[in-house]
Amino acid sequence: MMMRGRLLLHLMLIPRSFQFSTKCNHIWFTSSIDRRHQPAVPSTSRCSHTLSWALPQFQIGDAVIVNDVDGIDQLGKVQDKRSGWYTIRLEKDSTIVKRRGSQMEYNSDSDATETSSNAPKIKRSSKKAFPLPQPIILDLDSIFQSIKQTSDDDIDVNSIIHNTSPNATITEETIHQITNCHSHCTKWLVFSDLHVMPTTLTTCLQVLDTIHTAALERQAGILFLGDFWHHRGFVRVDCLNAVLDTMSNWRVPSIMIPGNHDQIDYRGSEHALTPLSNAYRIKSPVPHNTELEKQYYAGPLILSHPTKFLDAFFIPHIRDKAMMKSILSSEAVAQSSALFVHADVKGASMNDLIKSRNGLSTTFFPTEKQIYSGHFHKPHIVTSSERSKIRYVGSPYQISSSEEGQSKSLLLVDSQRCWECIEEIPLDIGPRFHRLSSVNEFLGMSEEENNGIGVNKKLRSGDKVIVAVSQSDIDALDNGGDDAATKIDINPFNERVKTCRKNGISVEIRDSQAISAKTPHLPNENDNNIEVDLEELSASATLAAYIENEVADGTIDKGTAKELVEKGEALLRELNDIASNSSAPMNDTPNTMKMTDLDLESVSIRGFGLFREESTYPLRNRGVVLIRGRNDDFGSDSNGVGKSTIAMASLWALSGSLDPRPAQDGKVGDVVNDLSKVAEVTLRGTLNSKSFIVKRTKSKSSAASLSFILDGDDLTRQSATDTQKLINEHFCFESQLLVRTIFHGQHSIGGLLEASDAKLKDELSQLVSLEIWQQSASLARSKQRELLRKTTEIDGMISLREKDEKVAHEKTLLAKIESERRQAILDKARVSFKEQEQEICRSSLNASTIDEEMEVLQSLMRQSDAELSDLEEELSAIMESHNNELIRLRSLLSEKVSIGNEAKANMLSSQRVFDKALIELKTAEKNLIQCQLEWDDLLEQRNVSQDPGCPTCGQPIKSVDAQERVARNYEENLSIALSTKDEAEAAMSRASLERDQAQAAADAAAVEVNDCLEDVSQVETLGSLNTNDVRERIHKVRSIQSERSVHFASLVKKSKNISNFDLEKAKIDADLSRLIEALDASRAAYKSCCNDLELVQKDIADLEKERDTRSRDAASTAILVNVLGSKGIQAFVLQNIVDALQVCSRPYLDELSEGSLQLNIQVGSNDSIIKEAATRNPDGTWSSRPLSSLSGGQWRRVSLSLSLGFAHLSSKRGNLRSSLLIMDEPLTHLDSTGRASVGKLLRKICNEDTLALSTILVILQDIAAEEIEECFDQVDEVVKSGGESYIILDANMENADK
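Residues numbered from 1 in each chain as written. Predicted model: local features only at pLDDT ≥ 70, side-chain atom pairs only at ≥ 80, totals over all residues. Heavy atoms only, no water.

1. Quick look at the packing of aromatic side chains
By the definition in use, this model includes 13 aromatic pairs. Ring centres 5.5 Å apart and planes at 80° place the aromatic pair F224 and F228 in the edge-to-face group. Just as F224 is buried, F228 falls in that class too. Each ring, one from F340 and one from W419, has its centre 5.1 Å from the other, and the planes form 75°; the classification is edge-to-face. (Phe/Tyr/Trp six-rings, centres within 6.5 Å; stacked < 30°, edge-to-face > 60°. Buried < 20%, exposed > 50% of the residue type's maximum accessible area, 1.4 Å probe, protein only.)

What follows is the structure in structure tokens.
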């Protein structure tokens, strides 16, 4: 409840310009600037008034400041200008340089002497008509001095404010705040760029507590230099509550200026620091006269405008450079001893690698003053040759990984010493970032013990480590290094990661190969990637590259690859000979198409769309140009004014079509203006360095006309259709390629990403030719068929000889089997005879011993037989006695059971009789009680009163006789009830006695049954024991008898063998001789069959050799057919163009998604094109996601990167290299970060030579344009007024045309 009350209190203190949303947990800030409340201005000048950040115009002779990338600005004078480029002579050494308008600024200390005189052909904005509004400057020092010089009785605060700062909006509460609190503080603790957001909230609160503690210890105030919040336009309630709760404990004054992240509108007057203006209150150090006077004032002093206070000048973030320069050159700044700003200064370090190029020049700042600034997070000092030093305070903690290794600190400044920094207080708060480029670097960091837990002394809980590793490094660690013998069970890298994460250290693992593949610049002509440069190869080189790729994948072995290359080259040479004989030589680089270098100069339109009057729009060397719209008629602000019409007019001139729209109900004549008879568009430029003019006209009723002039020759044909075909031949492209490379309409930007397989292949076919491979595949199939025919003939001949071979082989096999069989029989007989002979010899030596042993065994066996007979008789007698006793006991048991059952039945019958008697007794007792009650009632009535008689006549109702009869009846009933009860009691007594007797008899019978059962059990147990003993003895004797029998049989066999030895030996010798003769005969037959088989096989081998030669040719030709077919090299070329598209798109997607998205495109096994997205996980791994799961912003990022990659690939391959790029509403679905990324990317594309662009036209709405305003070199405006539109070019282009 306390927190809720505090939130309500602070919300009540927020001005009305803040609107609260009850549908989410954000506070949204809406700008108080509304076009409906602006003063009316002429339509021709609204652009310069509302867009004060539009780039200025420069005339020949103007004194300018040239902004160099090294942060040192130089003075010069404009000598010449041409299409947005200015030739400047530098004053220092008279050097001639060329710069764009965005790289120069006016030198206000010098007078411009020359102006141009040529009037423009179209309506333009005039910079001099509406000068920039003068900034509001608050002079709190003058107000404070005026109050001090005035006696307490004469103070009129409002009058003092009006006299010192007439344009200021300052309250009396603020005057008391600075007078009684802030003006008495001399030391201030300076920090900047807190960037409060949900992910950094805990660290930010810790920073605020640390700063407040340090300020209390040093008796200093707190000075904040902008960017308190991170997200623009809204403040989350949970973050606001937490900050207010922390700041409520502050007890020192604070001064805060808003940064660019805090500001809402362009002017910066509305910002998100306002909710903090009453975050806490402090007691005034000044004693008061009475208790009624206020002693507590608001602690934070929010300076929303440039303000002079305590002899220092405070400037919040101001986007307009001209206004900022005006403020810095003001008298108030000159009279101040220090500056506190939130500004982008040219030459300042945005991080350790990048310096600002488009910021304020250091020459704008006064010299020999202390200047402190927020904005950039790296603490450093920017100097210039004019002794200006701007010190960036930096962020108090590492906000992003780009701040890795940066040391943070607070600055203690003293206002009494000209705001000199007297102490630098180190800060080490929040998570720190560590980028490690290898596994060894991560593992090599030393560790120290901390509370028993090993923690790396470079790391602490909350730190974020980004490790770049490759799978090969991980595999090497799994194997224990290069030596396979040192393989270990635990991977040290994984263990270190687990330890760090266990101790609260975030470890993000990134693929080092992916990182190395991700270049920091966009792809350019120097990127010699084999996949991208395949189009530069000849047909033979392309074939060799494909086969080499298949060898690397293991699909083709090296031997086959060499043969395929030779056959393929021979096939290509033959195909080239055929083409040469037909006077149509083959293109040596088949993967390329004819190059088109297109440089568009201007487009003129008349009667086209909303443009009734003739207007010429320049297209050459304009940089990044914003095309915005304004509707002076009723309806929307900028929709439907003709922005897309002027941008897409060039497309209509070249192809006769416009960018595709969802609705397909348009007509050709719709392009004609409603008030015009004819629509006319004239496009001028150069085609492969040859000037051209294409003029297309269309009337509402007649057919279109088209003219084409190239290099001064009029190539116009009789019909527009023939002229269009000629234009397509010379330009070497269709209208679809223009849409994909130059004219990116708002409905076609995502066309490539949304395209089906067939559509995408059709799009890619515009960049690559497959004709030569289709012809080669056809020729290879013809050769394959001829080889197969000849191979079939040889197969027939081989088939005949193979039948002969089969017969010979069968004979040979039978002979071999017979020979082997006879040999096996002979070997077996020899072994058997040898064993028998040895055994007989051993037995003959012990013949007497065998006989004696046989006699002993016979005697023992007879004794065992007698013993067995005795034991069996004993067992029979025991079993007979036992069975007789069991029969007697079981008979007795049966009798006892029968008696028991009869006793039990009697007992149950007696129980039923007893239950019946009991029921009758209870019934009699109940009747007796009822009769007794009735008798008592009768006696009571007779004793109490007599019969009252009849109320009419007075005679008794019942007579005496009647009453006597009633009494006698009651007496009889009572007597009967007593008699019935007595009889029932007697019957129950008899039944009870009989029941007890029956129960006793049943119990006695049960006891006798149990006794009999016990006797039976004892007899069975005793009998079992007696018989088991006898059976065991019988078993033992029989075992001994069996062993003796076996032994006796072996002795009998030995004796028999000894007596038959001589006879058996003679028989075996005869068998051996017969087996040896049969073996010799089979060996001779086998040898003869082998000779016959060898002759047949030699003939077959010769035929097979010839067939194999042709078969190999046919097989390799078949492989070559597949290699040259649609799933071979044609798919390879298609895969190459797909891979090239992915390679060209990846840097753009990395720029747009900050490395968090990937688009994987590949050709599937069924020749389909598979498109799949991937998102980066916190641990650096990637998770595949279907395109359908992407958000709108992610989809737009991917589609933009794919469109730009296609344009880059077209430029790279030379299919179409254009100087112009048009993007219609590219920021749709993007958040602020995405919009900023698009702006930076467009600026980067324009500055680099990747796409050779000189002009990028971007069509945007005002709100989206404001966020990336710094990315545009020029701003053009399409104005709709009176039902027609006209163009207002940027001020720079106005003078260029003059």
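2. Regarding the state of the cysteines
The full count for this structure, using the stated rule, is zero disulfides. There is no disulfide at C204, and the cysteine sulfur nearest it, in C239, is 8.4 Å away. (Disulfide = S-S within 2.5 Å.)

3. Overview of the sheet that holds strand β9 (residues 187-191)
Reading across the sheet, the six strands line up as β15-β12-β10-β9-β22-β23 and stay open at both edges, with mixed pairing between neighbours. Pairing within the sheet leaves two strands with one partner each, and these edge strands are β15 (300-302) and β23 (420-427). Taking the axes of each pair of neighbouring strands and ignoring which way they run, one obtains an average angle of 25° across the sheet. Taken together, the four bridges between β9 and strand β22 (residues 408-414) define a ladder with antiparallel strand orientation. Considered in β22, the bridge of V190 is made with L411. On top of the sheet, helix α6 (residues 201-218) reaches β9, β10 (221-224), β22 and β23; it is set at about 160° to β9, its chief contact. (Pairing = 2+ DSSP bridges. Helix = DSSP H or I, 4+ residues; strand = E, 2+ residues; numbered from the N terminus. Axes fitted to C-alpha atoms, helices over the stretch in contact; angles between N-to-C directions. Contact = heavy atoms within 4.5 Å.)

4. As for a nonpolar patch on the surface
There is a patch of nonpolar side chains on the surface, built from M350, L353 and I354 and spanning about 340 Å² of accessible area. Looking at the secondary structure, you find M350 in the loop between β18 (338-342) and β19 (370-374). Given a relative accessible area of 40%, M350 falls into the partly exposed group. (Patch = residues over 30% accessible without salt bridge, like charges linked within 9 Å, V, L, I, M, F, W, Y side chains within 5 Å. Areas by Shrake-Rupley, 256 points an atom, 1.4 Å probe, with all protein chains shown as cover. Salt bridge = Lys/Arg side-chain N within 4 Å of Asp/Glu carboxyl O.)

5. Focus on the sheet that holds strand β36 (residues 743-744)
Here six strands make up an open sheet; going across it, the order is β36-β41-β42-β31-β43-β44 and the pairing mixed. Looking at strand neighbours, the two that pair on one side only are β36 and β44 (1284-1288), the edges of this open sheet. Pairing of strand β31 (residues 623-631) with strand β42 (residues 1255-1259), which is carried by five bridges, proceeds in the parallel orientation. Counted as the bridge partner of V624 is I1256 from β42.

6. A few points about unusual backbone geometry
Positive phi, normally seen in glycine, also occurs at L310, with a value near 55°. For L310, the position within the fold is in the loop between β16 (307-309) and β17 (312-315). For H375, which is not glycine, the phi dihedral falls at a positive 115°. Mapping H375 onto the fold places it in the loop between β19 and β20 (380-383).

7. Let's talk about the side chain of R1197
Within the secondary structure, R1197 is located in helix α26 (residues 1192-1213). With a relative accessible area of 12%, R1197 lands in the buried category. Excluding anything up to four places from it in sequence, R1197 contacts L1149, L1152, S1153, L1157, L1230, D1231, T1233 and G1234.

8. Let's talk about the confidence of the model for the protein
With 79% of its residues at a pLDDT of at least 70, the protein reaches an overall mean of 77. When mean pLDDT is compared element by element in the protein, β10 scores highest at 97, while helix α2 (residues 46-50) scores lowest at 33. Below pLDDT 50 for its whole length, residues 482-486 participates in four contacts with residues either more than four positions away or in separate chains. Within the model, the stretch residues 513-533 combines pLDDT values under 50 with 45 contacts to residues more than four positions away or in other chains. (pLDDT = per-residue confidence, 0-100.)

9. Let's talk about the pairing of strand β27 (residues 464-469)
Looking along a regular strand, one sees the side chains alternate between the two faces of the sheet. Most of β27 is tucked away: five of the six residues are buried. Inspection of the sheet shows strand β24 (residues 433-436) paired to β27 by four bridges, in the parallel sense. Note on β27: the bridge partner recorded for H434 is V465.

10. Some points on the nonpolar core
In this structure, L598, Y617, F692, F708 and L764 are the most contacted members of the largest nonpolar core, which totals 72 residues. Tallying contributions element by element places helix α16 (residues 643-655) first for this core, with eight residues. With residues up to four places along the chain from it excluded, the contact list for Y617 reads S602, V603, R622, V625, I627, I646, L1257, D1276, I1287 and L1289. L189, C239, M247 and Y280 belong to the second largest nonpolar core, which has 44 residues in total. (Core = buried A, V, L, I, M, F, W, Y, C linked by side-chain atoms within 4.5 Å.)

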